[in-house]
Amino acid sequence: MDIRNQLNALGLNLEPHGGKDVRVHSPVDGLEIAALRFDTKAEITAKIARADAAFRVWKDVPAPVRGRLIRLFGEELRAHKEALAQLVTIECGKIISEARGEVQEMIDICNFALGLSRQLHGLTIASERPQHVMQETWLPLGAVGVISAFNFPVAVWCWNFALAIVCGDPVVWKPSEKTPVCALACNVIFGKAAAKFTRSGAGFPAACGEERESSPDHTPPPGARGMLIKSGELPEGLCEVVIGAAEAGEMLVNDPRLRLISATGSCRMGEIIAPKVLARHGKLLLELGGNNAVIVSDRADMELALQGIVFGAVGTAGQRCTTTRRVLVQKAIYEIFCARLQKAYSSLQSKISNPLEAGTLVGPLIDKAAFEAMQAALAEAKKQGGEVFFGERAWPEGMGTEGYYVHPALVKMPKQTELVQRETFAPIVYVIPYTTLAEAIAINNDVPQGLSSAIFTTDLREAEFFKRESDCGFANVNIGTSGAEVGGAFGGEKATGGGREAGSDSWKNYMRRQTSTTYYGTEKPALAQGVEFDAG
């Protein structure tokens, strides 16, 4: 797969990053698209140091001005949307429509962050003491480390990056070694935005307006001299990209200068990372695995359910953390629903093809290891009483023999087993019968993860009962488990990690909370809780 056109359109030159440490292969055809070197320990240490130094400048820039930088970044993403989307498809294998959607997510979170930059609000709290006022303020936290996965090679980083930047925090990003080129491309795009920010004179004291000229006569406030950005000049280190394997990620995890580690990956990865970050008293934001279930009630709109389940189970070739992996169907409609689901899956055969082509619904798995894990799970399902439909390797015309394309698998299981409780990162959906809604919700909750869940029903009482009882971060009604919008907080419970990214109040992850009490009276102030302490 040739990526020269995309690299040229993005302005990315890979020569300075060339080496033999990692050979990046496109899952589309299995061919090599880049050979890169890993950053050395010294280079990683220097990148973290630059981000830490940048924080000491960037934190003092007014948040609305920081927001202007993210606005410019969003504009650059719009201008380079198609080229970046194509690169995403080539490097991680998702179909082009989903890749465009991923870049659109980046644009959307930039829009969200821009508005947020004027609403990083705190609280004024009533004091029990006369002539006292309590205030709660959110302040920039520090440099942030982001570790991302291959399946969303750009959007998840951007969820973190856009919010972190407007909150005052530089970011050090370690992408998956399977998708490093996308990360380098994003860094170049951000560089274009940074250059425009600098040329516009957008820094302090141009403040919050549109393209104002900074005044040469401006005098910084006491104590701030030398700390403020002059004439829009940006500090080096706001966005640092680290190319490396697990050892590089471990350096980020262990470095106390990175006040927050936001990591996306497997539950096992989270188990390794969490103790190390907590041991140094850092903050954690974990987005880990999901074993997501859809409940199909006998009161469901069946067409709606079929549409939601097929997209949820098949999208991104079953390689989303929110992929539908279990479908729980009420016994009265189990056989008829399974027959219709099987028919829908059968029709996918002609839709497995080159993910860059319009009309393709199923692209390749990321690599051979993913294919082998899928086949092992299907073999185990048969041993546990499952009836397996499809799941075999596919050979789309013109794609050669090195890409791992598969026909998504449908497995009828008599009950939930240990295999079903285990997440397999591939397009396998297990269909299980249930009798009562309470039983279905118990099955839904009986897995280590707690990311996404859904119910299809036209019964309001069933829907509300489900939303209250599902233990997942998402509890959707009449839509599937995939396809979250940036306006809501993204994340889950239990082994999923408990973190929240993107919308709602997720911005608080990137800031520190400070409570301040001020006494403005002239007499001796009262103590809280009626305590008396007269020292004379």
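Residues numbered from 1 in each chain as written. Predicted model: local features only at pLDDT ≥ 70, side-chain atom pairs only at ≥ 80, totals over all residues. Heavy atoms only, no water.

We now examine unusual backbone geometry. Notably, alanine 317 is not glycine yet its phi reads approximately 50°, a positive angle. Since its relative accessible area comes to 3%, alanine 317 is described here as buried. (Buried < 20%, exposed > 50% of the residue type's maximum accessible area, 1.4 Å probe, protein only.)

Looking at the protein as a whole, the pLDDT averages 94, with 94% of positions reaching at least 70. For residues 205-228, every residue scores under 50 in pLDDT, and the model assigns this stretch 31 contacts once sequence neighbours within four places are set aside. (pLDDT = per-residue confidence, 0-100. Contact = heavy atoms within 4.5 Å.)

This brings us to a nonpolar patch on the surface. Where nonpolar side chains cluster on the molecular surface, the patch consists of Leu527, Val531 and Phe533 and spans about 320 Å² of accessible area. Summarising the element assignment, leucine 527 is placed in the segment after strand 23 (511-519). (Patch = residues over 30% accessible without salt bridge, like charges linked within 9 Å, V, L, I, M, F, W, Y side chains within 5 Å. Areas by Shrake-Rupley, 256 points an atom, 1.4 Å probe, with all protein chains shown as cover. Salt bridge = Lys/Arg side-chain N within 4 Å of Asp/Glu carboxyl O. Helix = DSSP H or I, 4+ residues; strand = E, 2+ residues; numbered from the N terminus.)

The next subject is the sheet that holds strand 11 (residues 324-330). Here we have 7 strands laid out as an open sheet, ordered 12-15-16-11-10-18-19, and mixed in their pairing. The open sheet is flanked by strand 12 (387-389) and strand 19 (474-477), the only strands paired with a single partner. Averaged over all neighbouring strand pairs, the angle between strand axes comes to 20°, with direction disregarded. Both strand 15 (residues 409-412) and strand 16 (residues 428-434) contribute to a ladder of 4 bridges, which runs parallel. Note on strand 16: the bridge partner recorded for lysine 412 is valine 431. Contacting strand 10 (292-296), strand 11, strand 12, strand 15 and strand 16, helix 11 (residues 334-346) crosses the sheet at an angle of about 165° to strand 15. (Pairing = 2+ DSSP bridges. Axes fitted to C-alpha atoms, helices over the stretch in contact; angles between N-to-C directions.)

Interhelical geometry of helix 4 (residues 81-92) versus helix 7 (residues 180-199) gives an angle of 165° and a closest axis separation of 9 Å. Regarding the angle of helix 4 to helix 7, the classification is roughly antiparallel. Between helix 4 and helix 7 lies a crossing of left-handed hand. Touching Leu84, Leu87, Val88 and Glu91 of helix 4 are Pro180, Val181, Cys182, Ala185, Cys186 and Ile189, all from helix 7. The residue inventory of the contact of helix 4 with helix 7, partitioned by class, reads 9 nonpolar, no polar and 1 charged. (Parallel < 35°, antiparallel > 145°, perpendicular 65-115°, else oblique. Left-handed = near helix turned anticlockwise from the far one by under 90°. Nonpolar A, V, L, I, M, F, W, Y, C, P; charged D, E, K, R; others polar.)

Grouped together as the largest cluster of nonpolar side chains are 84 residues, with contacts concentrated most on Leu14, Phe73, Leu84, Met106, Trp157, Phe161 and Val181. For this core, the element with the most residues is helix 6 (residues 155-167), which contributes 12 residues. Residues within four places of phenylalanine 73 in sequence aside, it is in contact with Cys110, Trp157, Cys158, Phe161, Cys186, Ile189, Phe190 and Ala193. (Core = buried A, V, L, I, M, F, W, Y, C linked by side-chain atoms within 4.5 Å.)

What the rule picks out here adds up to 12 aromatic pairs. Taking the centre distance of 6.1 Å and the plane angle of 85° together, the rings of phenylalanine 150 and phenylalanine 425 count as edge-to-face. Taken as a pair, phenylalanine 150 in the loop between strand 5 (143-147) and helix 6 and phenylalanine 425 in the loop between helix 13 (418-421) and strand 16 lie far apart in primary sequence, 275 residues in all. Its relative accessible area of 28% is what places phenylalanine 425 among the partly exposed residues. Joined through ring pairs, the aromatic side chains of Phe73, Trp157, Phe161, Trp173 and Phe190 make up one cluster. (Phe/Tyr/Trp six-rings, centres within 6.5 Å; stacked < 30°, edge-to-face > 60°.)

Turning to the side chain of threonine 496, a few remarks are in order. Counting through the fold element by element, threonine 496 comes out in the loop between strand 21 (493-494) and strand 22 (501-502). By relative accessible area, threonine 496 is classed as buried at 0%. At 3.4 Å, the side chain of threonine 496 and the backbone nitrogen of leucine 451 are in polar contact. Apart from residues lying up to four places away in sequence, threonine 496 is in contact with Leu286, Glu287, Leu288, Gly289, Gln449, Gly450 and Leu451. (Polar contact = N/O pair within 3.5 Å; in protein donor to acceptor, adjacent residues only side chain to side chain.)

With that settled, consider the environment of isoleucine 273. Relative to the elements of secondary structure, isoleucine 273 occurs in helix 9 (residues 267-279). Between the C-alpha atoms of isoleucine 273 and alanine 263, which are 10 residues apart in sequence, the distance is 8.4 Å. If we ignore the near neighbours within four places in the chain, the residues touching isoleucine 273 are Ile147, Val253, Ile261, Ala263 and Leu284.

Here we come to the pattern of salt bridges. Under the counting rule described, the total for this entry stands at 34 salt bridges. For glutamate 236, the salt bridge identified is with arginine 50, shortest N-O distance 3.8 Å. Note that glutamate 236 is positioned in the loop between helix 7 and strand 7 (239-241) and arginine 50 in helix 2 (residues 41-58), a separation of 186 residues in sequence. Given the relative accessible area of 61%, glutamate 236 is considered exposed. Measuring nitrogen to oxygen at the nearest pair gives 3.0 Å for the salt bridge that ties glutamate 335 to lysine 412. Here the residue glutamate 335 occupies a position in helix 11, and lysine 412 occupies one in strand 15, the gap between them amounting to 77 residues.

In this section: the pairing of strand 6 (residues 171-174). Residues of strand 6 alternate between two faces, with Val171 and Trp173 on one and Val172 and Lys174 on the opposite face, all of them buried. With 4 bridges joining them, strand 5 and strand 6 adopt parallel strand pairing. Within strand 6, the residue paired with isoleucine 147 across the bridge is lysine 174. Where the polypeptide runs from strand 5 across helix 6 and back to strand 6, its parallel neighbour, the crossover connection is right-handed. Here 3 bridges tie strand 6 to strand 7, and the two strands are oriented parallel to one another. Bridged to valine 171 within strand 7 is cysteine 239. (Right-handed = clockwise from strand over helix to strand, strands pointing away.)

Taking every second residue as pointing to the same face, both faces of strand 15 are buried, with Ala409 and Val411 on one and Leu410 and Lys412 on the other. Bridge count between strand 12 and strand 15: 3 bridges; the pairing is antiparallel. Bridged to phenylalanine 389 within strand 15 is leucine 410.

So, about the environment of leucine 328. As for its position among the elements, leucine 328 is in strand 11. According to the relative accessible area criterion, leucine 328 is buried, its value standing at 0%. Considering only alpha carbons, one finds leucine 328 and glutamate 439, 111 residues apart in sequence, at a separation of 9.8 Å.

Per the counting criterion, the structure on display carries 0 disulfides. Cysteine 92 takes part in no disulfide bond, and the closest cysteine sulfur, belonging to cysteine 182, lies 6.7 Å away. The exposure class of cysteine 92 is buried, given its relative accessible area of 3%. No disulfide involves cysteine 158; its sulfur sits 4.3 Å from that of cysteine 110, the nearest cysteine. A relative accessible area of 0% places cysteine 158 in the buried class. (Disulfide = S-S within 2.5 Å.)

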